[in-house]
Amino acid sequence: MALDTARKRLDEMLADLERSITAVQEEHPEAEHHTADAGASLSDTDRVDAALAALRRQRAEVLAALARAHEGTYGKCVDCGLGIPEGRLEARPEASRCVACQGKRDRLHR
C-alpha cells in the first residue's frame, strides 16, 4: 500500500474513532464514573467502559501507525524489522507486526 494511501486511511480511521468515542461518552456520561451500588446498571456501565477501552486501544494503534509513517518505518514489523505483507496492511492499516510476530505475541498473551 502506498504511504499516502495508508496515511489517508489511518487519518480516516482516527476521525471515525474520535467520533465514536465522543458519541459513546455523550450517550453514557456515567461511564467511567460509576459506583459499586449501581446493581444491574453496573453491568451496562461495565460494557460501555469496555467498549470505550477498546476504542481507545484502537485509537492508540492508529496514532502509533501514523507516527511510524512520519518516522519512515511504516510497513516494517516492530519486532523483527521485516516488511508487513501488503494484504495485512490492506486489512489492518494500523498493524505494527508481521503475521508471524503477531502470532507469537498473541500466543504469549493468552
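If you're wondering where the values come from, they're calculated on a predicted model, not measured in any experiment.

Undergrad: Can you help me understand the nonpolar core in this one?
TA: In globular proteins that are soluble, nonpolar side chains generally tend to be buried together. Ranked by internal contacts, the top residues of the largest apolar core, which has 22 residues, are Leu10, Val62, Tyr74 and Leu89. Those elements giving two or more residues to this core turn out to be α1 (3-27) and α2 (40-71). Those residues within four positions of leucine 10 in sequence are excluded, and the remaining contacts are Val62, Ala65, Leu66, Tyr74, Pro93 and Glu94.

Undergrad: In this structure, what is going on with the UniProt feature "domain: Zinc finger DksA/TraR C4-type" (unreviewed entry) in the protein? I would like to understand it.
TA: Here, the residues flagged by UniProt with the feature "domain: Zinc finger DksA/TraR C4-type" (unreviewed entry) are residues 72-107. Annotated as residues 72-107, this span is 42% helix and 0% strand, and its ends, taken at the C-alpha atoms, are 29 Å apart.

Undergrad: Could you clarify how one ought to interpret the UniProt feature "zinc finger region: dksA C4-type" (unreviewed entry) in the protein in this entry?
TA: Here, the residues flagged by UniProt with the feature "zinc finger region: dksA C4-type" (unreviewed entry) are residues 77-101. Annotated as residues 77-101, this span is 36% helix and 0% strand, and its ends, taken at the C-alpha atoms, are 8 Å apart.

Undergrad: Just to check I follow, could you spell out the pattern of salt bridges for this structure?
TA: Pairing is possible between side chains of opposite charge, provided their charged atoms come close. Applying the stated rule across the entire model yields seven salt bridges. Among the ionic pairs, arginine 92 bridges to glutamate 61, the shortest N-O distance being 3.4 Å. One end of the pair, arginine 92, is in the loop between α3 (86-91) and α4 (99-108); the other, glutamate 61, is in helix α2, and 31 residues separate them in sequence. The exposure class of glutamate 61 is partly exposed, given its relative accessible area of 35%. One salt bridge connects arginine 97 with aspartate 79, and the closest N-O pair in it is separated by 2.8 Å. Residue arginine 97 is located in the loop between α3 and α4, and its partner aspartate 79 is located in the loop between α2 and α3; the two are separated by 18 residues in the primary sequence.

Rules and cut-offs
The numbers attached to residues start from 1 for each chain and follow its sequence in the written order. Residues qualify for local features only when their pLDDT is at least 70, as the model is predicted, and side-chain atom pairs are given and counted only at 80 or more; totals for whole chains, interfaces and linings, by contrast, use all residues. Based on all heavy atoms of the structure, the side-chain values leave hydrogens and waters out of the count. Within this scheme, the nonpolar core is defined by two criteria: the residues are buried Ala, Val, Leu, Ile, Met, Phe, Trp, Tyr or Cys, and they are joined through side-chain atoms within 4.5 Å. The cut-offs for exposure are 20% and 50% of the maximum accessible area for each residue type, with area from a 1.4 Å probe on protein chains only; residues under the lower value are buried, those over the upper are exposed, and the others partly exposed. Numbered from the N terminus, helices here are DSSP runs of H or I no shorter than four residues, and strands are runs of E no shorter than two. Residue contacts are defined here by distance: any two heavy atoms, one from each residue, within 4.5 Å place the two residues in contact. UniProt positions are given in the numbering used here, feature names are shortened, and annotations may be inferred rather than shown by experiment. A carboxyl oxygen of Asp or Glu within 4 Å of a side-chain nitrogen of Lys or Arg is what we treat as a salt bridge.

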